[in-house]
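Results of the structural survey
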Amino acid sequence: MKKLLYHIIFLLCLMIQESCQSQGPNDNREQEEISSRSLRRAAFRSKSYYIIYCSSNNEEEEKIKSILNKINNRSERIQYIIKNEEEVNAEILENNPILLIGEHQKFKCLQKIAPQLPIILKEQSFEFAGKIYNDSSSVLFLSYYPNPLNKNLPVSIITANNADVLINMFAEDDKELLFGRWGYEIFKEGKRIAMGDFDERNPNSKIIWKVDDKNSFEYPNKAKTIQQDENFTFYSNLNENSNKQLTEIIKEVKKAASTFDSLFELPTTLKIHYEFFENGEQKGMMTGNTLPAHINFKNAKVFATISQDLEGYKEHPEVNLLAKKSLGNTNLSIIETGLPIYFADNWKQKGYLYWFEKLIKTKNDFTIQNLLNNSVFQQNSELIKKCVGAAFVSFVIDNYGKERFTQIYKNGISESDIDKLSKDWEDYKKKLTSNLSSQAKTKSLSEDFYWKGFNFTHEGYRIYNGYLSEHAALSLEKLKSLNSNSIAVIPYSFMRNPNQPEPFRIPHNGGGETDESVFHTIYQAKQKGLKVLLKPQIWVGRNSWPGEIELKSNADWDLFFDYYYQWIRHYALIAEMYHADALCLGVELSKTTLKHPKKWEAMISEIRKIYSGKLTYSANWGEEFEKVKFWDAFDYIGISCYYPLSKSTEPDEKELIKGFKQNLKKLKTVSDKFDKPILLTEIGFRSIESPWVQPHDYPGEQQASEMAQQKCYDVVFDCLKNEKWCKGLFWWKWPTTFENSHSDDRDFSPHNKAAEKTVKKWYSEL
């Protein structure tokens, strides 16, 4: 039941996922043809969202209503309208986003629209993409499909051959099978066996969208058993050539388990199901969870990646299972989070104490009182929680011994012990900062390095087409073939209200710009010889943008900067761990920079204690860029450069060159004033008729034009070629997937357009 709740909540919360869209200025608000994206927006903007269920008896209805009412209670922004199908009429079905949930044999609403859906419903089975699913445990998820009764609004479906299976299949107390973000998924015996997407550009005569054969995936119901003993059964989803590698990995896993048993002298008889995956994409596609490792506590299952970018097995999730079995549950989140990392040799290449030392040298609130307060501790990012948690476990065991640690694990800390523990903890931190030797820093770029880059945007939220995917790897290959030497990696957070501070969340849903997807992308880029600028950005709600963030009181401003520092500190740690060559501390936060320069200067100083590479900030073109007072605190002066080149819709090349050179004078003036080089962290033009008039804006009624876009690219390159104060540029944008990229689109990407040839030519010469 709990698992089904997770699935449905996630499905509905997709309406709020606009925070995760990797789009440029005004790139997300224009009118579009019917697409999964447009349907999601329609649901997001709708005043009402109906959840319609069917049931065959009172007991079944009560179970379903209990689940759906929990959704309403947890909803932060929308109150969903929950109805039995007997209570709805044609008007409701036609004029609202709807989720249909129930056994298809008894579901009249579903049967009504099924002929125009890509499914064939039968008495004891359903047929999808030419295959019949007649097992009683088969379940189908269809997400954000055009409603046949009103194709401008979405219908989502959760249905099964058996109602009991539908209700009970997700009773496991974990998020192993977190529901996918788009398209379809099919489950058997609680495990995903197929998933994929639809071809949105090529509808056939019978249904609105047909299944996209290029992006359809099937998986075996069971992984291969490769080794077992009295404590573990190891399974593999890798090919046979990986057995030797897995043998060494298994030794490491068993070593950690043995070390745990020896330390606490509590050998366990727990039988652990341990399943290996080749990489984050495979793990995410098969389980719905892209974390490097995760656990199903109820069934004692571990799922872990082995790829060098993630190495989930090295975080020893099995230790949490062993601890629960032998020590019981702990009520301290810091111990539960930190204990497995304590057994991780050289966590993140240098060990958790190395990274913890960096954190405690900066402004932080890692007091005992905060760390033992679960709600406060949970406000930290997962990466920082793991690091700090492992250090705390080490502190307790080293200072007080395993018996005392066991007591704290089981019973927590009494009020009378807090003062003593707090003093010892502060002494422990001081000792760390004085004893740990400084290790090699991020390799510095040469002074003459020229960034020939693209903003590499996470365009697909189905796992197989975002940062973690093979699609993205192929996209990077194409990008490099254009003689590009660098990318900007762009994880997003979200701020609902530009006038109200709130913690900035780190994406964690499988298809988003999660930490693991950022790790993977930096690693992939480095493997391909590309330099990396890590460029976290904020998506702002209420049809706003970062330049409109403005708080109402000094207290709110202080809170905003506290939240922002905690967020950007997280990415500074990632940048240092994964050797990003530069870090951008913000993008277009114009009112925050112009009104509170001292707060920015203080934050920059703190971030330099963590991150040793180049720092920049991407100011909005115009007033912000020209008036920021603290450019001297950065290594590069950064700009989102969307200055208009001409007001004319039909200028000649000379006029465009003149216009851009006038803009460059403004850039050079700032560069000269602060004696710092300029980095165009964003610059771009749509492939429309007059992209030079308002480069950042919507295309409006303008038609697609490759040649106009190419003309702008030529002008930019020609004007920059001899400007020594400029150290590079990042075009907006280059996508992780080319699914929605076409030569006749009106988007910013130059992929397969005339401008692509211009990039290749100029990047070979710069």
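This text goes with the structure placed above it.
The present account deals with the structure reproduced in this document. (Residues numbered from 1 in each chain as written. Predicted model: local features only at pLDDT ≥ 70, side-chain atom pairs only at ≥ 80, totals over all residues. Heavy atoms only, no water.)

Once that is clear, we can look at the sheet that holds strand E5 (residues 126-128). In sheet architecture, strand pairing relies on hydrogen bonds along the backbone and comes in two forms, parallel and antiparallel. Judged by pairing direction, the sheet is antiparallel, and its three strands sit side by side in the order E4-E5-E6 without closing on themselves. Where the open sheet ends on each side, the last strands, each with one partner, are strand E4 (119-121) and strand E6 (131-133). On average, each strand axis in the sheet is inclined to that of its neighbour by 25°, with strand direction left out of account. (Pairing = 2+ DSSP bridges. Helix = DSSP H or I, 4+ residues; strand = E, 2+ residues; numbered from the N terminus. Axes fitted to C-alpha atoms, helices over the stretch in contact; angles between N-to-C directions.)

A few words now on helix H22 (residues 653-674). Helix length check: H22 (22 residues) gives 32 Å between terminal C-alpha atoms against 32 Å at 1.5 Å per residue, within 8%. Within H22, the full set of buried residues consists of Leu 656, Ile 657, Gly 659, Phe 660, Asn 663, Leu 664, Leu 667, Val 670, Ser 671 and Phe 674. Looking down the long axis of H22, one finds its buried residues gathered within 160° of arc, a one-sided arrangement. Across H22 from its buried face, at more than 90 degrees, point the exposed residues Lys 654, Lys 658, Lys 665, Thr 669 and Lys 673. In this structure, the buried side of H22 is in contact with helix H21 (623-627), strand E24 (637-640), strand E25 (678-683) and helix H23 (706-720). One side-chain oxygen of the residue at the start of H22 lies 3.3 Å from the amide nitrogen of Lys 654, identifying that residue as Asp 652. Backbone geometry just downstream of H22 places Asp 675 in the positive-phi region, at approximately 55°. (Expected span 1.5 Å × (residues − 1). Buried < 20%, exposed > 50% of the residue type's maximum accessible area, 1.4 Å probe, protein only. Arc of directions from axis to C-beta. Contact = heavy atoms within 4.5 Å. Polar contact = N/O pair within 3.5 Å; in protein donor to acceptor, adjacent residues only side chain to side chain.)

What follows concerns the packing of aromatic side chains. Applying the stated rule across the entire model yields 63 aromatic pairs. For the pair Phe 217 and Tyr 464, a centre-to-centre distance of 5.0 Å together with 45° between the ring planes defines the contact as tilted. Separated by 247 residues along the polypeptide, Phe 217 in strand E11 (residues 210-218) and Tyr 464 in the loop between strand E17 (451-457) and helix H16 (470-481) bring together distant segments of the chain. In this structure Phe 217 comes out as partly exposed when scored by relative accessible area, which is 23%. Looking at Lys 324, its charged tip hangs above the ring of Phe 297, at a distance of 5.0 Å from the centre. The lysine or arginine in question, Lys 478, covers the ring of Phe 738, its NZ or CZ lying 5.9 Å from the ring centre. (Phe/Tyr/Trp six-rings, centres within 6.5 Å; stacked < 30°, edge-to-face > 60°. Lys NZ or Arg CZ within 6 Å of the ring centre and 35° of its normal.)

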